[in-house]
Amino acid sequence: MASCSTYELICPFNAIGEECTYTVACCGGEKTSVILTPEDIQTVCVEFGGRVLVTSLSGSANPLGATCTSNCGDVDPSPSPSPVPAPTPATPVPAPSPTPGPSPTPAAPTPVAATPTPAPSSIVPPIPSPVETEYTLSYSETASGWPSFYSYNPDYMLGMNNYFYTFKNGNVYQHNENDTRNNYYGIQYNSQVTSVFNEMPLQNKIFKTFNLESDNAWQVNFETDLQTQGFIESDWFIKKEGAYFAFVRQSGEVPALAQQYAMRSANGIGRASNVSVVGTTGTINFSINPLVSIGSIVSIGDYLYSSVPSYTTISLAGQITNIEVDLPNAVNRITFTTSTAGSQPILINDPYILYIKNSEAESHGLLGHYCIFTLINENTTATELFAVESDIMKSYP
């Protein structure tokens, strides 16, 4: 297996929604979802060039700089990488001041002395608590306050001759003197900005699209008071007339959670005539007379669910791989694969069958009174962000 890179996933104690979720591009080439509870820390092995996507409003993913060669999931402890500093979680870059104009991401420090020797990692990783974890704060004279938290933690700081210096592990660093942004003491961080759309807070709205007035696309995570785990990956944005546009996707779980049924396109087909499964391939036949219409909305790639008497719960059967309707030749069936994670066998011959569309493909937006969004930028070059906006519409129950 090719050598890959180690990332540390950190879920803070006050995580919104009581969990942090990630999509990891594993060393083996496949993708997997990782869910952490507050105060959890997990190390994963990510393929070179791959990404760790934070799909919740809370949580951080920090590269440790060590190589690894494990399968998807936790890093194989053997061989152990060389000790590296345990980074604090990535936190927002300074919030834009009221003064109009661009707000570039902070530049990385340039070592003035020799490359430092990394300090050994702590046996007990730091809990990302604002009380127990050390941050670097910046004061804004314009805002007359302390608007920003930085993830780097120097031993000492000094301003001299209009330059900013920090000391770490016996080495001195001069800041804002090279083109690499968000790299502190050899650790690469990202920039994060969190804000809220709160227009007409008493009305239920659907947040459909997102517009960035920026010179680069950012990853965006969303959460409302009714729905969570909306997101837009940075490469989904389309540039038009100097701005970036994309529609809001949902990252609903598979199998769908009970509280998500009403928020997603769950469509019923009807009772099956018979069900057969050979290996990981299943076939569901529906009646011709009387006709049980499969319909034209269902698509290959949708997730198939079944329900048995008393029809109060549903279970994931698998993912649809083929749809065949030829009524003159008595063909009216759906083929599906049972290899989908979380699928359960259908135990009776005539269950009620329904399907749920792919949550990303549905693109209905997010429903809520307000929407909290977090912008994440992983670029190592200067990026300017001027404004953001969302296209919303009133929800009519």
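Conventions we followed
Residues numbered from 1 in each chain as written. Predicted model: local features only at pLDDT ≥ 70, side-chain atom pairs only at ≥ 80, totals over all residues. Heavy atoms only, no water. Disulfide = S-S within 2.5 Å. Buried < 20%, exposed > 50% of the residue type's maximum accessible area, 1.4 Å probe, protein only. Helix = DSSP H or I, 4+ residues; strand = E, 2+ residues; numbered from the N terminus. Pairing = 2+ DSSP bridges. Axes fitted to C-alpha atoms, helices over the stretch in contact; angles between N-to-C directions. Polar contact = N/O pair within 3.5 Å; in protein donor to acceptor, adjacent residues only side chain to side chain. Salt bridge = Lys/Arg side-chain N within 4 Å of Asp/Glu carboxyl O.

Draft legend 1. Here's a closer look at the state of the cysteines. Following the criterion strictly, the structure yields two disulfides and no others. Here Cys 11 connects covalently by a disulfide to Cys 20, the sulfurs 2.1 Å from one another. The disulfide joining Cys 11 to Cys 20 has a torsion of about 75° about its S-S bond and is therefore right-handed. The same class applies to Cys 11 as to Cys 20, namely buried. Between the sulfur atoms of Cys 45 and its disulfide mate Cys 68 the distance is 2.1 Å. Linking Cys 45 and Cys 68, the disulfide has an S-S dihedral of approximately 105° and is accordingly described as right-handed. With a gap of 23 residues between them, Cys 45 in strand S4 (residues 41-46) and Cys 68 in strand S6 (residues 60-68) connect regions that are remote in the sequence. Neither residue differs from the other here; Cys 45 and Cys 68 are each classed as buried.

Draft legend 2. Quick peek at the sheet that holds strand S23 (residues 266-271). With respect to topology, seven strands assemble into an open sheet ordered S23-S29-S26-S27-S28-S25-S24, the strand pairing being antiparallel. This sheet does not close on itself; its edge strands, each paired only once, are S23 and strand S24 (274-278). Averaged over neighbouring strand pairs, the angle between their axes works out to 35° when direction is ignored. Pairing analysis gives five bridges linking S24 to strand S25 (residues 281-285), with the strands arranged antiparallel. Looking across to S25, one finds that Val 275 is bridged to Ile 284.

Draft legend 3. How the structure looks around the side chain of Asn 190. Tracing the backbone shows Asn 190 in the loop between strand S14 (187-188) and strand S15 (191-197). At 3.3 Å, the side chain of Asn 190 and the side chain of Gln 192 are in polar contact.

Draft legend 4. Structural view of the sheet that holds strand S5 (residues 52-54). Ordered in space as S3-S2-S5, the three strands form an open sheet in which the pairing is antiparallel. The open sheet has two edge strands with one neighbour each: strand S3 (31-36) and S5. Averaged over all neighbouring strand pairs, the angle between strand axes comes to 25°, with direction disregarded. When strand S2 (residues 20-25) meets S3, the two strands line up antiparallel, connected through six bridges. Bridge pairing links Cys 20 to Leu 36 in S3.

Draft legend 5. Structural context of the pattern of salt bridges. All told, the structure shown has three salt bridges when counted by the stated rule. The salt bridge involving Lys 357 is made with Asp 302; its shortest N-O contact spans 3.0 Å. Taken as a pair, Lys 357 in the loop between strand S29 (352-356) and helix H1 (359-362) and Asp 302 in the loop between S25 and strand S26 (303-307) lie far apart in primary sequence, 55 residues in all. In this pair, the class of Lys 357 matches that of Asp 302, namely buried. With a shortest N-O distance of 2.9 Å, Glu 324 and Arg 333 are connected by a salt bridge.

Draft legend 6. Representation of the pairing of strand S28 (residues 331-337) in the model. Burial analysis of S28 places six of its seven residues in the buried class, which makes it a mostly covered element. Here five bridges tie S25 to S28, and the two strands are oriented antiparallel to one another. Within the sheet, the bridge partner assigned to Thr 281 lies in S28 and is Thr 337. In the sheet, strand S27 (residues 315-326) pairs with S28 via seven bridges, with the strands oriented antiparallel. Its bridge partner being in S28, Asn 322 is matched across the sheet by Thr 335.

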